[in-house]
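# Working through the structure, step by step
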Amino acid sequence: MAALSGAGEVTAPDLALVVPCYNEASRLDADAFVQFVTTHPGARLVMVDDGSVDGTPDVLERIRAAAPDAVTILRLAPNRGKGEAVRAGIVAAIAGNPAVVGFFDADLSTPLGAIDDFLAVLKGHPDVEFILGSRVLLLGRDVKRHAWRHYLGRVFATGASLALDLPVYDTQCGAKMLRVTAATGTLFATPFRNRWTFDVELIARYLRLPVTPGERPRRERLYELVLPAWHDTPGSKLRWYDFGRAMVDLGHVWRERRGHQESRR
């Protein structure tokens, strides 16, 4: 079951940001979230408590109490996994008619300050609909990852590129943003196949959206934004043995893409 609670009716936000949370009491920076909505009056937060059994609900309530007009809490029970938490949160967010929706990891491995970079891309590139945060260690970038996660991530990214037939560098960064349109709203209508690699499935769904004559192909409306900072925060729920299951999931994405291509011939 899902229970939605929040403030009264508000004007449509410019941005609705979904934050999936599962047992995040020790990693949630309540002050950072409150400061964000205080300095971004056109933004709303949808905090999704995905069946947490620690003190997460109390932390979320403190965030909402500090900014009741800007924070909504969505509670899921039992735990459904990150993919479903994000999907349910965005469905709830879209109901508020925002111009843009996005999702960021609760541990703020991608700092909230990066949101301004995402919004600048959307403002400067009217044709862009879907922005993927990308973790690339370049000079002038503050990206810190455990070595084993980095190297497994590069293998996975290669597999994701092949499965999607798309030269994407980083599908798994937990920071993404989309313009809300009639088409993009349908991306979240049905549950994702899996918990951890739902990001790849989301991109695949986006690429399959219909295009009217004269419109740019969907793949040309995707944009990878190299993040200014990303820190690997201790306490991640992802483990090294999830890698094998994730690669199997990529096989499903590849077969679906090929099947879709065959059906259009």
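Residues numbered from 1 in each chain as written. Predicted model: local features only at pLDDT ≥ 70, side-chain atom pairs only at ≥ 80, totals over all residues. Heavy atoms only, no water.

### Section: the packing of helix 1 (residues 30-39) against helix 2 (residues 56-66)
Helix 2 packs onto helix 1 with a crossing angle of 25° between their chain directions and a minimal axis gap of 9 Å. Taken together, the axis directions place helix 1 and helix 2 in an arrangement best described as roughly parallel. As helix 1 runs across helix 2, the sense of the crossing is right-handed. Contacts from Ala 30, Phe 33 and Val 34 in helix 1 reach Val 59, Ile 63 and Ala 66 in helix 2. Considered class by class, the residues forming the contact of helix 1 with helix 2 number 6 nonpolar, no polar and no charged. (Axes fitted to C-alpha atoms, helices over the stretch in contact; angles between N-to-C directions. Helix = DSSP H or I, 4+ residues; strand = E, 2+ residues; numbered from the N terminus. Parallel < 35°, antiparallel > 145°, perpendicular 65-115°, else oblique. Left-handed = near helix turned anticlockwise from the far one by under 90°. Contact = heavy atoms within 4.5 Å. Nonpolar A, V, L, I, M, F, W, Y, C, P; charged D, E, K, R; others polar.)

### Focus: the packing of aromatic side chains
Inspection of every chain in the model, using the stated rule, returns 5 aromatic pairs. Taking the centre distance of 6.4 Å and the plane angle of 90° together, the rings of Phe 188 and Phe 192 count as edge-to-face. The exposure class assigned to Phe 188 is buried, which follows from its relative accessible area of 1%. Centroid distance Phe 192 to Phe 198: 5.5 Å. Interplanar angle 45°. Geometry classified as tilted. Within the aromatic cluster, the residues linked to one another by ring pairs are Phe 103, Phe 188, Phe 192 and Phe 198. The ring of Trp 230 carries the charged tip of Arg 135 above its face, separated from the ring centre by 4.9 Å. (Phe/Tyr/Trp six-rings, centres within 6.5 Å; stacked < 30°, edge-to-face > 60°. Buried < 20%, exposed > 50% of the residue type's maximum accessible area, 1.4 Å probe, protein only. Lys NZ or Arg CZ within 6 Å of the ring centre and 35° of its normal.)

### Quick notes on the pairing of strand 4 (residues 71-76)
Consecutive residues of a regular strand have side chains that alternate between opposite faces of the sheet. Bridge count between strand 3 (residues 43-50) and strand 4: 6 bridges; the pairing is parallel. Bridge pairing in strand 4 links Asp 49 to Arg 75. Considered for its hand, the β-α-β crossover made up of strand 3, helix 2 and strand 4 is right-handed. (Pairing = 2+ DSSP bridges. Right-handed = clockwise from strand over helix to strand, strands pointing away.)

### Some words on the pattern of salt bridges
One pass over the full model with this rule turns up 16 salt bridges. A salt bridge links Arg 80 to Glu 84; the shortest N-O distance between them is 3.9 Å. Residue Arg 80 is classed as partly exposed on the basis of its relative accessible area, which comes to 28%. Assessed through its relative accessible area of 15%, Glu 84 is described here as buried. Ionic pairing is found between Arg 218 and Glu 129, a salt bridge with its closest N-O pair at 2.8 Å. A residue pair is termed long-range when its members are at least 10 positions apart, and Arg 218 in the loop between helix 6 (198-207) and strand 9 (222-226) and Glu 129 in the loop between helix 4 (115-124) and strand 6 (130-134) qualify at 89 residues. A single burial state applies to Arg 218 and to Glu 129, both of which are buried. Residues joined in a network through salt bridges with shared partners are Glu 129, Glu 215, Arg 218 and Arg 221. (Salt bridge = Lys/Arg side-chain N within 4 Å of Asp/Glu carboxyl O.)

### Digging into the side chain of Asp 107
Within the secondary structure layout, Asp 107 lies in the loop between strand 5 (100-104) and helix 4. According to the relative accessible area criterion, Asp 107 is buried, its value standing at 15%. Here Arg 27 takes part through its side chain, which lies 3.2 Å from a polar atom of the side chain of Asp 107. In this view, Asp 107 contacts Arg 27 and Thr 233; residues no more than four positions away in its chain are not counted. (Polar contact = N/O pair within 3.5 Å; in protein donor to acceptor, adjacent residues only side chain to side chain.)

### Here we look at helix 2
Restricting attention to buried positions, one finds in helix 2 the residues Thr 56, Val 59, Leu 60, Ile 63 and Arg 64. Seen end-on, helix 2 carries its buried residues on one side only, within an arc spanning 140°. In helix 2, the exposed residues that point more than 90 degrees away from the buried face are Asp 58, Arg 62 and Ala 65. (Arc of directions from axis to C-beta.)

### Observations regarding the side chain of Asp 49
Locating Asp 49 in the fold gives a position in strand 3. As a buried residue without a salt bridge, Asp 49 has its nearest oppositely charged side chain in Arg 75, at a separation of 4.5 Å. In this structure, Asp 49 is in contact with Cys 21, Thr 56, Pro 57, Leu 60, Leu 74, Arg 75 and Leu 76, ignoring residues within four places of it in sequence. (Lys, Arg positive; Asp, Glu negative; His and termini not counted.)

### Quick notes on the pairing of strand 8 (residues 175-179)
Within strand 8, 5 of the 5 residues are buried, which leaves the element mostly enclosed by the surrounding structure. In strand 8, alternate side chains face the same way, and those of Ala 175, Met 177 and Arg 179 on one face and Lys 176 and Leu 178 on the other are all buried.

### Describing the confidence of the model for the chain
Overall, the predicted model of the chain reaches an average pLDDT of 88, with 88% of residues at or above 70. Low pLDDT, under 50, characterises residues 1-11; the predicted model gives this stretch 28 contacts beyond four residues in sequence or across chains. (pLDDT = per-residue confidence, 0-100.)

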